2 protein chains.
Amino acid sequence: MARSRSRSFWDKYRQRWEATRSLLCIGLDSAVDKLPAAVQCAPNPIWEFNRRIIDATCDDACAYKPNLAFYLADGNRGCDALHQTIQYIPDDIPVILDCKAGDIGNTMESYANAFFDGLGADAITLNPLMGANVIEPVLTDDIRFAFALVLTSNPTAADFLQRDGLAEHIAGWLNQFPLEQIGAVVGATHPGDLRRLRQLMPGRIFLIPGIGAQGGDLAAVMKHASDRDEDPNILINSSRGIIFADRSRDFAGKAKWQAHLLREAIHDLLQIT
Amino acid sequence: MARSRSRSFWDKYRQRWEATRSLLCIGLDSAVDKLPAAVQCAPNPIWEFNRRIIDATCDDACAYKPNLAFYLADGNRGCDALHQTIQYIPDDIPVILDCKAGDIGNTMESYANAFFDGLGADAITLNPLMGANVIEPVLTDDIRFAFALVLTSNPTAADFLQRDGLAEHIAGWLNQFPLEQIGAVVGATHPGDLRRLRQLMPGRIFLIPGIGAQGGDLAAVMKHASDRDEDPNILINSSRGIIFADRSRDFAGKAKWQAHLLREAIHDLLQIT
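## Thoughts on helix α1 (residues 9-20) of chain A
All names here are of chain A.
Alright, step 1. Its 12 residues give α1 an end-to-end C-alpha distance of 16 Å, which sits within 8% of 16 Å, the value for a rise of 1.5 Å per residue.
Alright, step 2. All of the buried residues along α1 are Phe9, Trp10, Lys12, Tyr13 and Arg16.
Alright, step 3. Packed against the buried residues of α1 are β2 (63-66) and β4 (123-126).
Alright, step 4. Among the residues trailing α1, Arg21 stands out with phi positive, at a value near 55 degrees.

## Some remarks on the interface of chain B and chain A
Alright, step 1. The partner chain A presents 38 residues to the 38 residues of chain B that form the contact.
Alright, step 2. For the side of chain B that touches chain A, the secondary-structure elements that each account for two or more residues are α4 (68-72), α5 (75-88), α6 (105-118) and α7 (132-139) of chain B.
Alright, step 3. Top contributing element to the side of chain B that touches chain A by residue count: α6(B), with seven residues.
Alright, step 4. When grouped by side-chain class, the residues that make up the side of chain B that touches chain A number 19 nonpolar, 15 polar and four charged.

## Regarding unusual backbone geometry
All names here are of chain A.
Alright, step 1. One non-glycine residue, Lys100, adopts positive backbone phi at about 45 degrees.
Alright, step 2. With respect to the helices and strands, the residue Lys100 is situated in strand β3 (residues 96-101).
Alright, step 3. At Asn233, a position not held by glycine, the phi torsion is positive, near 55 degrees.

## Observations regarding the packing of helix α6 (residues 105-118) of chain A against helix α7 (residues 132-139) of chain A
All names here are of chain A.
Alright, step 1. Relative to each other, α6 and α7 sit at 45 degrees, their axes nearing to 9 Å. The angle between α6 and α7 falls in the class oblique. Once α6 is placed against α7, the crossing between them reads as right-handed. Here α6 contributes Gly105, Met108, Glu109 and Ala112 to the contact with α7, which in turn contributes Asn133, Val134, Pro137 and Val138.

## Observations regarding the pairing of strand β6 (residues 182-186) of chain A
All names here are of chain A.
Alright, step 1. Within β6, five of the five residues are buried, which leaves the element mostly enclosed by the surrounding structure.
Alright, step 2. Residues of β6 alternate between two faces, with Ile182, Ala184 and Val186 on one and Gly183 and Val185 on the opposite face, all of them buried.
Alright, step 3. As judged from the five bridges shared by strand β5 (residues 146-151) and β6, these two strands associate in the parallel manner. Looking at β6, one finds that Ala146 is bridged to Ile182.

## Description of the sheet that holds strand β8 (residues 234-238) of chain A
Residue and element names in this part refer to chain A.
Alright, step 1. Judged by pairing direction, the sheet is parallel, and its eight strands sit side by side in the order β2-β1-β8-β7-β6-β5-β4-β3 without closing on themselves. Strands with a single pairing partner mark the edges of an open sheet, and in this sheet they are β2 and β3. Averaged over all pairs of adjacent strands, the angle between their axes in this sheet comes to 30 degrees, without regard to strand direction.

## Focus on the sheet that holds strand β3 (residues 96-101) of chain B
Residue and element names in this part refer to chain B.
Alright, step 1. Strand order in the open sheet formed by eight strands is β2-β1-β8-β7-β6-β5-β4-β3, with parallel pairing between adjacent strands. Single-partner strands in this sheet number two, and they are β2 (63-66) and β3. Between one strand axis and the next, the sheet turns by 30 degrees as a mean value, whatever way the strands run.
Alright, step 2. The sheet contact formed by strand β1 (residues 24-28) and β2 spans four bridges and is parallel. Bridging across to β2, Cys25 finds its partner in Ala63.

## Considering the packing of helix α3 (residues 45-57) of chain A against helix α5 (residues 75-88) of chain A
Residues and elements named next belong to chain A.
Alright, step 1. Direction vectors running N to C along α3 and α5 enclose 20 degrees, while the axes themselves pass 8 Å from each other. If you check the angle between α3 and α5, you find them roughly parallel. Here the hand of the crossing between α3 and α5 comes out right-handed. Two secondary-structure elements touch here, α3 through Ile46, Trp47, Asn50, Arg51 and Ile54 and α5 through Gly78, Asp80, Ala81, Gln84, Thr85 and Tyr88.
Alright, step 2. Looking at the contact of α3 with α5 residue by residue, the class counts come to five nonpolar, four polar and two charged.

Conventions adopted
- Residues numbered from 1 in each chain as written.
- Chains lettered and ligands numbered in written order.
- Predicted model: local features only at pLDDT ≥ 70, side-chain atom pairs only at ≥ 80, totals over all residues.
- Helix = DSSP H or I, 4+ residues; strand = E, 2+ residues; numbered from the N terminus.
- Expected span 1.5 Å × (residues − 1).
- Buried ≥ 20, exposed ≤ 12 C-beta atoms within 10 Å, placed from the backbone.
- Contact = placed C-beta atoms within 7 Å.
- Nonpolar A, V, L, I, M, F, W, Y, C, P; charged D, E, K, R; others polar.
- Axes fitted to C-alpha atoms, helices over the stretch in contact; angles between N-to-C directions.
- Parallel < 35°, antiparallel > 145°, perpendicular 65-115°, else oblique.
- Left-handed = near helix turned anticlockwise from the far one by under 90°.
- Pairing = 2+ DSSP bridges.

Laid out in structure tokens, this is it:
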């Protein structure tokens, strides 16, 4: 069944949160050379892996986030796996394609058409370095949604994003764009950063990577990045910590367990913040 | 014939410049909906178009630069066209895949493997917003080369790159990386910007878009961005101004003519700077 194009990411996210009280985004960083032996002989190993991961984890997922790099790295077979994966994810669970696209004009329009219309993603990630021209092709269709990089938690984020208030400048600059179409990627960094960025972007959905395999303090994130709005407006992403929790034949069962644990941990922390 | 992996982009660029005295990079922004009618019925229109453009223009080209967006937008057929195009380009003409990739860790490594090893590109473009972690996977193999975005010429470059000296900061920061593996994307902007960035990055190869369809003053670019080294260390890119010069059956002949004119104009300006 093809994914419907009638509901926006914004609506799907809110409805999924209301229906499940899950804020967990599961990152499908399904690198072909990291897959368990049990799927390596399938005609399309990534697709076989993702199908079983989705079957096992979808009750606990608020969203899924495949990262384009791992699919391109497997050539046409990987591109097929990406397309099949997005189509397979239940329509009420929004899909974020993590591509960090950052081009302009008809080039960015081509990316947007490929990712939203061609693949069926509900949202993408984008890199705002070239300015508003990067965001414009997302806004041409009000069903499209993109998360702009604001602050990342990798070691060299200090080179630019954490220098001279650039992350804060991006955060303020995003206020010109509608909450219903533009979110923010905010890494699980220091509590002070999270608090300041939330103050600068009330009501905006935060996609927070860096929980799980990359470390990051979940309690601090939930305390400082949750919105004071009636909705928390966050998605906590974990990728390898869930999908590669185990490489045995029971990899999907272990992924389900890890997803459930993290979803519950997020939920418990939300009650007390 | 597969492209050889024995020579780096740095070497291919220098040898091509010495052999042809061309500094022209031809951008293969081959959007499927913009192709002339003469190729629309081919089994793979983009590949058919590119093949004829390459046959017509390769004598005048120092490099080719396909932009990933236009190939992804045509699905698996587009990905096939990209692969065939790169393999078809004569091995002594370096290929830059314009993807503006900007991720980190094993994600960026996957992009690099896909683009360098899988597709056979000699160089890629990258977005440095997340810092040195973006560049590290390029440096793991000394045959790899990447052009980092430093300053672009699009209208909203003022949002970040032209604000508070960010472009100059990126330029200085690039000095920690070897000239033989990292170049700079520098848009055809104001003469003052070009002069300052060249002073900050002596010996580094500049990839200069924004000539042709996007406007931009070629004379100013050649005067201010050329290196004072014995080599000019620049590549002047034109995409639509060459490949879409004409949509008639003779599109390739017109592209050849435009490529030749621009190559000569660049060369003439080099003599007098």
